[in-house]
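Structural overview
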Amino acid sequence: MGNARLRSIHVHPVKAFRGVSPREAVVEPWGLAGDRRWTLIDDGGKVVTQREQPRLALAAAEPLPGGGVRLSAPGRDPLEVAVPEPAATVPVSVFGTEVAAVPASDSAHMWCSGHLGAGVRLVHMDDPASRRPLDPEYARPGETVSFADGYPLLVTSVASLDALNELVARGDHADEGPLPMNRFRPSVVVEGTEPWAEDDWSGLSIGGVDFRVAKPCARCVVTTTDQDTARRGHEPLRTLARHRKVGGRLLFGQNLVPLAPGIIRAGDPVRVLS
């Protein structure tokens, strides 16, 4: 790990939308600053992701000063959405857990519904310090998370993706590879490690900011969604099922929890914490 570096940073202001890749990011207790503070919900209050709506891959969200977002998608005029004023919250169901959030403007709801062709609302997490605790099985007291699937950050490695693509190339759906890293929607990507080295990590330091490894990341159908076309295939789940299946879960990447706030930058050294 002596030459390991932070290859890239990825922030997704709206859950399931395309994000941005800044050269640096502030690490907050619940994730990268501005990451997944917004999400879409259906009429029943359930979070809408690419699992149900692969067309979300075609919508992009860029951060604006003050926490707002600029939404864009093919064939639609961009829309700037400000952080909503404190108001009555609505219940949001995130994989069975109820979280309070503040609805955005009606124009934001209409824009998002128009893109998907289905009724959705855009909501904002106003207070990530208190709204959504981590899964108690893997959490320490007081740890929270934004609208990310489960944990503040997700780390993947270039070496493991290269190894996975070699396996895909020898499989039944070789024509689907090589797969880009955006299929896995990581927060941070490291380079200069051995393939699958992250399986043995219990802690990580990126540019002096320390993280604990909470658990491996189990992958879902979103990884089979081409992030440029929204079309679905078979990979990488077919290959992960053959080579990376542990306890019924298909693993790629590790979930991280910050031990303290700080700033990380592309190119920062990465080292394993004992």
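Look a little higher up for the structure.
Remember, it's a predicted structure, so these values are computed and weren't measured experimentally.

**Some remarks on the side chain of Thr-239**
- Its location among the elements puts Thr-239 in helix H3 (residues 237-243).
- Side chain to side chain, Thr-239 and Glu-235 meet in a polar contact 2.9 Å long.
- Residue contacts for Thr-239: discarding those within four places in its chain leaves Leu-164, Leu-167, Val-168 and Arg-244.

**A few points about the packing of aromatic side chains**
- Going through the model one piece at a time under the given rule, you end up with 3 aromatic pairs.
- A ring pair is formed by Tyr-138 and Tyr-151, whose centres lie 6.4 Å apart and whose planes are at 75°; its orientation type is edge-to-face. Linking Tyr-138 in the loop between strand S11 (121-124) and strand S12 (153-157) with Tyr-151 in the loop between S11 and S12, this pair joins segments that are 13 residues apart in sequence.
- Taken together, the ring pairs connect Phe-184, Trp-196 and Phe-252 into an aromatic cluster.
- The ring of Trp-111 carries Arg-76 above its face, with NZ or CZ at 5.4 Å from the centroid.
- The residue whose ring lies beneath Lys-215 is Tyr-138, and the NZ or CZ to ring-centre distance is 5.4 Å.

**Here's the deal with the layout of surface pockets**
- Considered as a void within the structure, the largest pocket measures approximately 770 Å³ in volume.
- If you trace the largest pocket, you find 35 residues lining it, with Arg-51, Phe-95, Ala-148, Asp-149 and Gly-150 closest to the centre.
- Mapped onto the lining of the largest pocket, the elements with two or more residues apiece are S12 and strand S15 (209-218).
- The element that contributes the greatest number of residues to the lining of the largest pocket is S15, accounting for 4 residues.
- In terms of lining residues, the second largest pocket is bounded by His-10, His-12, Arg-18, Gly-19, Val-20, Ser-21, Met-181, Asn-182, Arg-185, Pro-186, Gln-227 and Asp-228.
- Its residues placed into classes, the lining of the second largest pocket shows 3 nonpolar, 6 polar and 3 charged.

**A look at the pattern of salt bridges**
- One pass over the structure, following the stated rule, counts 11 salt bridges.
- Here Arg-7 makes a salt bridge to Glu-191, at a shortest N to O gap of 3.2 Å. Linking Arg-7 in strand S1 (residues 5-9) with Glu-191 in strand S13 (residues 188-191), this pair joins segments that are 184 residues apart in sequence.
- Exposure remark for Glu-191: the relative accessible area of 28% places this residue in the partly exposed category.
- For the salt bridge of Glu-143 with Arg-212, the shortest nitrogen-to-oxygen distance reads 2.5 Å. Of this pair, Glu-143 sits in the loop between S11 and S12 while Arg-212 sits in strand S15, and the two are 69 residues apart along the sequence. Take Glu-143 and Arg-212: they sit in the same class, and that class is buried.
- Through salt bridges with shared partners, a single network forms among Lys-15, Arg-51 and Asp-149.

**A few points about the sheet that holds strand S4 (residues 38-41)**
- Spatially, the 5 strands line up as an open sheet ordered S5-S4-S11-S10-S9, and their pairing is antiparallel. Here the strands that pair on one side only, and so sit at the sheet edges, are strand S5 (47-48) and strand S9 (90-94).
- Here 4 bridges tie S4 to S11, and the two strands are oriented antiparallel to one another. Following the sheet pairing, Thr-39 is matched in S11 by Val-123.
- Strands in contact with helix H1 (residues 106-116) are S4, strand S10 (97-103) and S11; relative to S11, the strand with the most contacts, it is inclined by about 130°.

**Overview of the side chain of Glu-235**
- Along the chain, the position of Glu-235 falls in the loop between S15 and H3.
- For the buried Glu-235, no salt bridge is present, and the opposite-charge side chain at shortest range is Arg-242, 5.3 Å distant.
- In this structure Glu-235 touches Val-168, His-173, Glu-176, Leu-179, Arg-183, Thr-223 and Thr-224, once residues within four positions along its chain are discounted.

**Notes on the pairing of strand S7 (residues 69-73)**
- Taken across its 5 residues, S7 has 4 buried, putting it largely inside the fold.
- Where strand S6 (residues 60-63) lies against S7, 4 bridges are found, and the strand directions are antiparallel. Paired with Pro-63 across the strands is Val-69, a residue of S7.
- Two successive antiparallel strands, S6 and S7, enclose a turn made up of 5 residues, where Gly-66 displays a positive phi of approximately 90°.

What counts and how
Each residue is numbered by its place in its chain's sequence as written, counting from 1. Confidence filtering applies because this is a predicted model: local features only for residues at pLDDT of at least 70, side-chain atom pairs given and counted only at 80 or more, and all residues used for totals across whole chains, interfaces and linings. Think of the side-chain values as coming from all heavy atoms in the structure, minus any hydrogens and water. Helical segments are the DSSP runs of H or I of at least four residues, strand segments are the runs of E of at least two, and each set is numbered from the N terminus. Pairing of N or O atoms within 3.5 Å defines a polar contact, subject to two protein rules: one partner must be a possible hydrogen donor and the other a possible acceptor, and residues neighboring in sequence count only if both atoms are side-chain atoms. Every residue pair with non-hydrogen atoms within 4.5 Å of one another is taken to be in contact. Ring geometry is summarised as follows: Phe, Tyr and Trp rings, the Trp one being its six-membered ring, pair when their centres sit within 6.5 Å, and such pairs are stacked at plane angles under 30 degrees, edge-to-face over 60 and tilted between the two. Cation placement over rings: the criterion is NZ of Lys or CZ of Arg within 6 Å of the ring centroid and within 35° of the ring normal. Buried and open spaces are told apart on a 1 Å grid over the protein atoms alone, a cavity being a set of points where a 1.4 Å probe fits but cannot get out and a pocket being an open set with protein on both sides within 12 Å along at least five of seven lines. Residues with an atom within 4 Å of a point are the lining residues. Grid points are joined across faces, edges and corners, and a volume is the space filled by probe spheres set on the points. Any residue outside Ala, Val, Leu, Ile, Met, Phe, Trp, Tyr, Cys, Pro, Asp, Glu, Lys and Arg is labelled polar, Gly included; the first ten of those are nonpolar and the last four are charged. Throughout this description, the term salt bridge denotes a Lys or Arg side-chain nitrogen within 4 Å of a carboxyl oxygen of Asp or Glu. Working definition: with a 1.4 Å probe on protein chains only, accessible area under 20% of the residue-type maximum means buried, over 50% means exposed, and in between means partly exposed. We treat two strands as partners when DSSP finds at least two bridges between them. Helix axes are fitted only over the stretch in contact, all axes being lines through C-alpha atoms; the angle between N-to-C directions runs from 0 to 180 degrees. Note on charges: Lys and Arg go in the positive column, Asp and Glu in the negative column, and His and the chain ends are not counted at all.

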